[in-house]
Amino acid sequence: MGPSVIAGMAGAPLRYPQSALAPAGPVARSEFQLIQLSLVIMLGVFVAVTAAFAYTAVRYRSRPGNLAPASAVDENRRLEIGWTLVPLILLVVMAVPTVKDSYALTPPDTPRVVDVRVIGHQFWWELQYTRLGVTTANELVIPYGRKIDLSLTSADVIHSFWVPRLAGKTDLNPGQLNTAWIQADRPGVYEGQCAEYCGLGHANMHIRVVAVTDREFARWVDGMRHPRVTPASALAKRGMALFGQVGCSSCHTVAGTRFHGQLGPELTGMGNRATIAAGTLTNTPAHLRRWLANPPAILPGSTMPDLHLTGSQISALTAYVESLR
Amino acid sequence: MAMALGRAATAAVRLRAWSWLTTVDHKRIGILYLVTSAFLFLVGGFEAFLIRLQLIRPDNHLVSSAMYSQLFTMHGTTMIFLAVMPILVGFMNAVMPLMIGARDVAFPRLNALSYWMYLAGALLLNSSWFLGGAPNAGWFNYAPISTGAYNPGPGIDFYDLGVQIAGIGTLMTGINFLVTILAMRTEGMSLMRMPLFVWTTLITSLLIIFAFPPLTANLFFLMFDRLAGTAFFNVPHGGDVVLWEQLFWTFGHPEVYILVLPAFGIISEVVATFSRKPLFGYASMVWAVEVIAFLSFIVWSHHMFPVGLGPTVNTMFVLTSMAIAVPTGIKIFNWIATMWGGRIQLTTAMLFAMSFIPTFVVGGTSGVMTALAPADMQFHDSYFVVAHLHYVLIGGTLMAVFAAAYYWFPKITGRLMSERLGRWNFWLVTVGFNVAFLPQHFIGLWGMPRRVYTYGPGLGLSFWNALSTVGVFILTLGILVMVMNVVHALRRGEAAGPDPWDGRTLEWSTASPAPPYNFARLPRVRGRDAFWEQKRSTERELWPVDRHIHLPSPTPVPALMALGLLVAAYGAIFRSIPVVAAGLGLTVYGIHRSMFDVDPGVIVTPTEEGAA
């Protein structure tokens, strides 16, 4: 699967690509239905109370010269029982589906076909397909129409996984393992981002879920397991040599090579990803050059330092990274 | 001659400054609270203004990410701990003892100490801007991003010690007001005759006493982690980061009601006065406040639905959180019923109190929505919650604070604020507030998380964010009109007289401003709305004027004790043990003086005017 496949799936751009009001999977849909139910009931309450308030305010506005109190009623048992019971009934109407959903949306103890370990880092997402033996970052490729189990934790501070069109939030707590599940009904790209303040790069910590067909998913997994190791062009070959020399490999892993750094995102299959820098920039050679020239200038708080690379080094590294497919 | 005059003037200023520094009079301490917190409200507002300016368009570069996190942290911390809560404490100080017919609070020196500790905390926190950077982990200050490993700068130390010092001051206020209300009511002022503002002060004091200790403990844990290398929140060494969240929200949710219950009390007073009717459903109002206060301690995990506590825990907190809607609804209906059949006078105070009702209903209903755990997984940490909490704290508490300001300003200063400026103030604030925060509900639902310094144009939220910022411009104008009105009233305001609103409660029965001893003769209470009844009763049975009123004498010791804590805090932040020791020494000396000094007090004889 190449970038053309991803681009082809995007379809018409949505007006609100990250909207919880446009659910595209069963978890987000249950949540959306509850949002709708509660919104309708609560709007009804607001309209009724405000109407009563406005009517009272207008009807009993004092006219000049009339300051004597009209009535001094300060109790009415039946009225008071009424406005205690009616809200109680409305609350029960909302509580029943709430409790049902709270249990229904909890993932089962036995994991399903695809399970992904999501590990939060300042400021990117590590994605380990534990049973498939594949690791990637920031772009979660899944087969559409299937339940995907997520187990979530953090390598540093607290983060929160939020892809609104697929599911509400689940926190990533260091030292603890949370579970959640998502499912995309249709192929497509679903945008999300970190929802718990995690530091300077919090605003730029995007996650994209790429839902594809089973066949495309199998091909993607196969490609990740057997990546092309030696690049074709001379420039990219030079880039590969530099990758080991200038320090890239002390943080990044590329499967099938001798690069096994653990601190930064896995770069296996990087050429196939649609974005770079935790979803901040689209994956084009021009953007990659800008990124390599000075990462903290693009992502405040980025732990990837400015390596003071020369122009030709940047060109070679760009060619190498783009060749990782 | 001129020089001698100048010297005399300086001496007079010095004397006045000294009298404020040493005062133990609840009314003057109330003024200190109100002036300090109003100033800090403007500081917190300026921070909010910069936040909205940064978000006016996508990919904006007005402030950096680092500056933005300091701004939102200081905005939240300032508004909650240093502005809104102390404004409410200021009003409590200014009028609560008058409302129960007392001559002062139970512990006047402790009261002064509370204020000076609040001021010390506020100075400490705000000085961080100039001493290495303000705190930057949010007002909730979650671990581990607030621990030394991820946040080595001094900012979090300023937060930890600033909130700690101000917080302990608040805790002492809670104890002080609780004892005052239970022990110092005048004859006939039974509990069920107390004005609602006194009831909410009583219940708020209880909330403070039970809610602040978990915060205090949490802040100590964090301080130990940062200063002494313990591992309460250090995961690799066996710490637990959810512990901070649990303790913080065990405090944090009652804190919401510490900010909202006094507002309920204010609205109850203002609505009854300007409807010219007794409050409807007094007993159920008291009951509702008590139930809300109790429930507020068992709902905290609704701040933590996505943390992963599991469906059973979440369900328990869903049900308790939803239950709060019932007593809150009762209060809303009772206020409307109070207006029903009344003669509603649309003074500025009443306009603010009335606009509280619909805006607080918006905040309350969106609050019920966020209580529904599965739906909250989408609302949580999005702009929907930002909208919700501002509808509660601005639409609710701040509207009540404005109402209280217009209502009690004449009692506190003896002068009336301008009703014409008041109307401008009201409409600008109401329109600006709604334009700023109504769109944020949708900004959140359309996918914008909180605490992001920037967002991309692709989210589709550029227009709505710009609109929200325009709302803040209008709101800011409204606040500036309020400042103008206060300045104008202090200089040229009409004299108010003791009872400008035909009031119902005892504070209106004495001069404006009240004399140091409050009442020349302590009032006798024969029912609710004591002063209203007294004005209409033909009986004129009066106590003899008290010729020898015993008042506590002024003392610099409380201010000295707070100064000691301030010095010790700077010592801890800059890791100097001698400075810590010197500061704590000063405080301990103050404690010693407070324990063993014998205060003979002063005997005051009321003037004729005060005895009227």
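Residues numbered from 1 in each chain as written. Chains lettered and ligands numbered in written order. Predicted model: local features only at pLDDT ≥ 70, side-chain atom pairs only at ≥ 80, totals over all residues. Heavy atoms only, no water.

1. As for the overall build of chain B
Secondary structure assignment for chain B yields 19 helices and 2 strands. Rg of the C-alpha trace for chain B: 24 Å, near the compact-globule value of 25 Å for 612 residues, within the 12% margin. Relative to its 612 residues, chain B shows a buried fraction of 63%. For chain B, restricting intrachain contacts to residue pairs at least 6 apart in sequence, the fraction spanning at least 24 positions comes to 82%. Of the roughly 21400 Å² of accessible surface on chain B, a fraction of 72% belongs to carbon and sulfur atoms. Here chain B carries 35 positive and 29 negative side-chain charges, and the mean point of each set is 8 Å from the other. (Helix = DSSP H or I, 4+ residues; strand = E, 2+ residues; numbered from the N terminus. Rg over C-alpha atoms; globule rule 2.2 N^0.38 Å. Buried < 20%, exposed > 50% of the residue type's maximum accessible area, 1.4 Å probe, protein only. Contact = heavy atoms within 4.5 Å. Areas by Shrake-Rupley, 256 points an atom, 1.4 Å probe, with all protein chains shown as cover. Lys, Arg positive; Asp, Glu negative; His and termini not counted. Charge placed at Lys NZ, Arg CZ, Asp CG, Glu CD.)

2. Regarding the overall build of chain A
What chain A contains, in helices and strands, is 8 helices and 12 strands. Summarising its shape, the C-alpha atoms of chain A cover approximately 95 × 50 × 40 Å along the three principal directions. Here chain A holds 325 residues, and the buried ones make up 52% of them. Sequence-distant contacts, at least 24 apart, represent 63% of the contacts inside chain A between residues at least 6 apart. Counting only carbon and sulfur atoms, one obtains 60% of the accessible surface of chain A, whose full area is about 14300 Å².

3. Here's the deal with the interface of chain B and chain A
By a frequent convention, interface size equals the accessible area lost on bringing the separate parts together. Each partner contributes residues to the interface: chain B has 83 residues there, and chain A has 82 residues. Both faces considered, chain B and chain A share a buried interface measuring about 7000 Å² in area, 68% of it formed by carbon and sulfur atoms. Among the residues of chain B in contact with chain A, R343(B), P374(B) and Q378(B) are the three that bury the most area, contributing 10% of the side total. If you look at where chain B meets chain A, you find 0 salt bridges. (Buried area = accessible area lost by both parts, 1.4 Å probe. Salt bridge = Lys/Arg side-chain N within 4 Å of Asp/Glu carboxyl O.)

4. What to know about helix α14 (residues 419-445) of chain B
Here α14(B) is 27 residues long and its end C-alpha atoms lie 39 Å apart, about the 39 Å a rise of 1.5 Å per residue gives. In this structure S418(B) caps α14(B), since a side-chain oxygen of it lies 3.2 Å from the backbone nitrogen of R420(B). (Expected span 1.5 Å × (residues − 1). Polar contact = N/O pair within 3.5 Å; in protein donor to acceptor, adjacent residues only side chain to side chain.)

5. Looking at the packing of aromatic side chains
The geometry of an aromatic ring pair is captured by two quantities: the separation of the ring centres and the angle between the planes. The full count for this structure, using the stated rule, is 57 aromatic pairs over all chains. Relative to W116(B), the ring of Y115(B) lies with its centre 4.9 Å away and its plane at 70°, an arrangement referred to as edge-to-face. In terms of burial, Y115(B) and W116(B) fall into one category: buried. An angle of 40° between the planes, with centres 5.1 Å apart, marks the rings of F352(B) and F402(B) as tilted. In this pair, F352(B) sits in helix α11 (residues 348-371) while F402(B) sits in helix α13 (residues 383-413), placing the two residues 50 residues apart along the sequence. An aromatic cluster is built from F81(B), W139(B), F212(B), F221(B), F232(B), F233(B), W244(B), F248(B), W249(B) and F251(B), whose rings are joined through pairwise contacts. One cation-aromatic arrangement involves K169(A) over W162(A); the distance from NZ or CZ to the ring centre is 3.7 Å. For the cation-ring pair, R504(B) lies above W532(B), with the distance from its terminal atom to the ring centre recorded as 4.1 Å. (Phe/Tyr/Trp six-rings, centres within 6.5 Å; stacked < 30°, edge-to-face > 60°. Lys NZ or Arg CZ within 6 Å of the ring centre and 35° of its normal.)

6. Focus: a nonpolar patch on the surface
Residue and element names in this part refer to chain A. A surface patch of nonpolar side chains, about 490 Å² in accessible area, is lined by L37, I81, L85, L88, I89 and V93. If one sorts the elements of the nonpolar patch by residue count, helix α3 (residues 77-104) sits on top with 5 residues. Structurally, the position occupied by L85 is in helix α3. Of the residues examined, L85 reaches a relative accessible area of 45% and is grouped as partly exposed. (Patch = residues over 30% accessible without salt bridge, like charges linked within 9 Å, V, L, I, M, F, W, Y side chains within 5 Å.)

7. Here's the deal with the domain arrangement of chain A
For chain A, the assigned domains read domain 1 (26-61 + 76-104), domain 2 (115-225) and domain 3 (234-322). Each of domain 1 of chain A and domain 3 of chain A has a C-alpha centre, and these two points are 53 Å apart. (Domains from an automatic or database assignment.)

8. What to know about the nonpolar core
The tendency in soluble globular proteins is for nonpolar side chains to be buried as a group. If you look at the biggest cluster of nonpolar residues, it comprises 228 residues, and the most contacted ones within it are L140(A), F161(A), F91(B), F356(B) and W408(B). The biggest single contributor to this core is helix α3 (residues 65-99) of chain B, with 20 residues. Both domains that furnish three or more residues to this core are identified here as domain 1 (26-61 + 76-104) and domain 2 (115-225) of chain A. The residues touching W408(B), leaving out its near neighbours within four places in the chain, are F91(B), V95(B), M99(B), F197(B), I266(B), E507(B) and W508(B). Core analysis: the second largest hydrophobic core is formed by 27 residues, I35(A), M322(B), A337(B) and L372(B) among them. (Core = buried A, V, L, I, M, F, W, Y, C linked by side-chain atoms within 4.5 Å.)

9. What to know about the sheet that holds strand β10 (residues 206-212) of chain A
All names here are of chain A. Reading across from one edge, β4-β10-β9 is the order of the 3 strands in this open sheet, with mixed pairing throughout. This sheet does not close on itself; its edge strands, each paired only once, are β4 (139-143) and β9 (188-193). When strand polarity is set aside, the average angle formed by the axes of neighbouring strands in this sheet is 20°. Where helix α4 (residues 214-225) meets the sheet, its contacts fall on β4 and β10, and the angle it forms with β4 comes to roughly 130°. (Pairing = 2+ DSSP bridges. Axes fitted to C-alpha atoms, helices over the stretch in contact; angles between N-to-C directions.)

10. Here's the deal with the pattern of salt bridges
Under the criterion given, the structure shown has 18 salt bridges over all chains. One salt bridge in this structure joins D115(A) and R131(A), with 3.3 Å as the shortest N-O distance. Residue D115(A) is found in strand β1 (residues 114-121), and its partner R131(A) is found in the loop between β2 (124-129) and β3 (134-137); the two are separated by 16 residues along the sequence. Where R276(B) meets D502(B), a salt bridge forms, and the shortest distance between an N and an O atom there is 3.0 Å. Taken together, the residues R276(B) in the loop between α7 (241-275) and α8 (282-295) and D502(B) in the loop between α15 (462-492) and α16 (530-536) connect sequence positions 226 residues apart. Under the relative-accessibility criterion, R276(B) is labelled buried at 7%. Through salt bridges that share partners, R276(B), D499(B), D502(B), K535(B) and R536(B) make up one connected network.

11. Here's the deal with the sheet that holds β3(A)
All names here are of chain A. With mixed pairing, the 5 strands of this open sheet are ordered in space as β3-β2-β1-β5-β8. The open sheet has two edge strands with one neighbour each: β3 and β8 (178-182). Between one strand axis and the next, the sheet turns through 25° on average, direction left out of account. Of the pairings in the sheet, the one linking β1 to strand β5 (residues 148-154) comprises 7 bridges and is parallel in character. In the sheet register, V116 faces β5, and the bridge partner there is L150. Of the strands in this sheet, β1, β2 and β3 are in contact with α4, which crosses β3 at around 95°.

12. Re the environment of V198(B)
All names here are of chain B. One can find V198 in helix α6 (residues 196-228). Its relative accessible area of 0% is what places V198 among the buried residues. Along the backbone, V198 and A403 are 205 residues apart, and their C-alpha atoms lie at a distance of 16 Å.

13. Concerning unusual backbone geometry
Omega for the bond connecting Q122(A) with F123(A) falls within 30 degrees of zero, at 5°, which places this linkage in the cis form. Phi is positive for D381(B), which is not a glycine, with a value near 55°. Examined against the element boundaries, D381(B) turns out to sit in the loop between α12 (373-379) and α13. Take D381(B): its relative accessible area is 7%, and that puts it in the buried class. In this model, R451(B) sits at a positive phi of 60°, which is unusual for a non-glycine residue. Examined against the element boundaries, R451(B) turns out to sit in the loop between α14 and α15. Look at R451(B) and you get buried, because its relative accessible area is 12%.

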